[in-house]
Amino acid sequence: MSTVNLLSKKQIRENYEAYTEYFSEIMQNVVTILQQNIKLSAQPTYKSRVKSFESYYKKVLRLKPEKVEDENTLIYLTDMMGIRMICAFLEDINFGLEQIKGLFEIREVEVKGAEKKFSEFGYESIHVLIKIPENCKPELSGKYEGLKPISDEIVCEIQIRTILQDAWAEVEHELIYKTEFNPFDIPLRRKLASINASLTLADITFQEIRDYQNKLQKALDVRRRSFYSIADNLLNDEHDSKGNNEDISRVTPFVQGTIDDLILRAIQAHNEGHLQEAVDIYTRIIEAVPDSDKNVLAVIRKHRGMAYFAMNHLDEALDDFQKSIDADPKAYRSYYYKGIVYSIQKKYEEAIECYTQSLEINQFQAHANFRRALAYFELQEYEKSMNDLNIAVKLGLKPEECASLQEKLVKKFDMNM
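All of the points below concern the structure found in this document. (Residues numbered from 1 in each chain as written. Predicted model: local features only at pLDDT ≥ 70, side-chain atom pairs only at ≥ 80, totals over all residues. Heavy atoms only, no water.)

### Digging into the overall build of the protein
Looking only at helices and strands, the protein has 15 helices and five strands in total. Out of the 417 residues in the protein, the part that is buried amounts to 43%. Accessible area for the protein stands at about 23,000 Å²; split by element, carbon and sulfur atoms hold 50% of it. (Helix = DSSP H or I, 4+ residues; strand = E, 2+ residues; numbered from the N terminus. Buried < 20%, exposed > 50% of the residue type's maximum accessible area, 1.4 Å probe, protein only. Areas by Shrake-Rupley, 256 points an atom, 1.4 Å probe, with all protein chains shown as cover.)

Structure representation (structure tokens):
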């Protein structure tokens, strides 16, 4: 005889409600582990829920579990606890899944929605069934005293979705499952399929934009390292104006002819040592952008200034960095780059002023403090130099980068003792 026939709905509810807070605490412990350990480009948000009693009871009726020895025993279902990990981008779903696999024992991984035809509606997400580790289970004492250990291993389902997948799932639940509505009308089904397809396309488009941004950022990082390398060589009187030829693989333009596309082409030309080509492209952008669009002009002037700098056209570089600042007074990197040019020209007081203005906008710049320390050293202001160097180290400056200046300062202080 089945348990359902032996236990009343009232008794099943009492057993269920006795464990809801216990399960909630388990899930909060799991969420805490996820929050502390999952590292994605944009940190996910989390939702958790204990299965509602009505859903639980319907499933108990459907499953007809075997007879239980004690009427106070909970009829445990593997989907009683559910956590949603909601990500910004499609790529984060697989990245998140791999990280979850490293945190928990996995019992099952299922891709929901993959089996549906294009004309059908339904959300997609990855469902991961994890075993709850012992350190996530509260002691069965105090407020949980009287609860019986669950004989089978306790599991929790983690659903990994994008923001748009989660939004669709919420609305679909209200329109279809919660109201027990299943549309037979073909036009209505097509509308639902169209909405789902639009959301899927939006997710794909967001991911394409993120991929494009990542490629652009990679190009920017190479260009920035090249700038700093040239600056260090000039400060040491070892300048090679050929530029940095570190490889940046050519990328398909995101939208041919847009400002973003032109910027990427200019940065790639810069990174490949085609400096005049880079300057020409930046100039085309500056001529095309309205004077009112100051944010864009500030960025492009900064980029062109860096290209001029790589060509050893320091006056043109200074002019572009200053015009970048004029367009955006908060352009702390332009102040910083301007300071580097002044340092190369041995105008250390002007350089210090620029570094200071940059740090007033953004104080968390290890290299701005370091380069100001170098300028202070040249002006024989050794205490200020040491103070800036110490701040740079605290902000994460690598030991090998500051070793030379540190040794020079120690010698100066030893001589004055």
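There's more to say after this.
### Let's talk about the pattern of salt bridges
Scanning the model with the defined rule gives 20 salt bridges in all. Within the structure, one salt-bridge network assembled from shared partners comprises K9, R13, E17 and E54. (Salt bridge = Lys/Arg side-chain N within 4 Å of Asp/Glu carboxyl O.)

### Overview of unusual backbone geometry
Even without being a glycine, N312 presents a positive backbone phi close to 70 degrees. Looking at the secondary structure, you find N312 in the loop between α9 (294-310) and α10 (314-327). The phi torsion at Q380 lies on the positive side, around 65 degrees, for a residue other than glycine. If you trace the backbone, Q380 turns up in the loop between α13 (366-378) and α14 (382-394).

### Looking at the nonpolar core
Among the nonpolar cores identified, the biggest contains 47 residues, and F23, Y56, I100 and I160 are the most heavily contacted of them. Only α2 (9-37), β1 (45-50), α3 (53-63), β2 (81-87), α4 (90-103), β4 (125-131) and β5 (155-162) provide two or more residues apiece to this core. The dominant element in this core, judged by the number of residues it contributes, is α2, at 11 residues. Among all residues touching Y56, those that are not within four sequence positions of it are I12, Y16, K51, L74, I75, L77 and M80. Grouped together as the second largest cluster of nonpolar side chains are 45 residues, I263, Y337, Y342 and L359 included. (Core = buried A, V, L, I, M, F, W, Y, C linked by side-chain atoms within 4.5 Å. Contact = heavy atoms within 4.5 Å.)

### Focus on the pairing of β4
On a regular strand, one side chain projects to one face of the sheet and the next to the other, so that they alternate. Burial of β4 is extensive: six of the seven residues sit out of reach of the surface. Sheet topology places strand β3 (residues 105-112) next to β4; seven bridges connect them, and they run antiparallel. Pairing of E105 across the sheet is with K131, part of β4. Note that β4 and β5 share six bridges and pair antiparallel. Its bridge partner being in β5, V128 is matched across the sheet by I158. (Pairing = 2+ DSSP bridges.)

### Focus on the packing of aromatic side chains
Aromatic ring pairs are described here by two measures, namely the spacing of the ring centres and the angle between the planes. Within this structure, the stated rule accounts for 13 aromatic pairs. Here Y19 and Y22 contribute two aromatic rings whose centre-to-centre distance is 6.3 Å and whose plane-to-plane angle is 80 degrees, an arrangement assigned as edge-to-face. Remark: Y22 and Y19 occur in helix α2; sequence separation between them is three residues, near one turn of the helix. Y22 carries the same exposure label as Y19, and that label is buried. Here Y22 and Y144 contribute two aromatic rings whose centre-to-centre distance is 5.4 Å and whose plane-to-plane angle is 75 degrees, an arrangement assigned as edge-to-face. With a gap of 122 residues between them, Y22 in helix α2 and Y144 in the loop between β4 and β5 connect regions that are remote in the sequence. Exposure class is identical for Y22 and Y144. Each is buried. (Phe/Tyr/Trp six-rings, centres within 6.5 Å; stacked < 30°, edge-to-face > 60°.)

### Things to note about the side chain of Q159
When you line up the elements, Q159 lands in strand β5. Looking at Q159, its side chain comes within polar contact range of the side chain of R161, at 2.7 Å. Sequence-distant contacts of Q159, defined by excluding residues within four places in its chain, comprise I83, R84, M85, I126 and H127. (Polar contact = N/O pair within 3.5 Å; in protein donor to acceptor, adjacent residues only side chain to side chain.)

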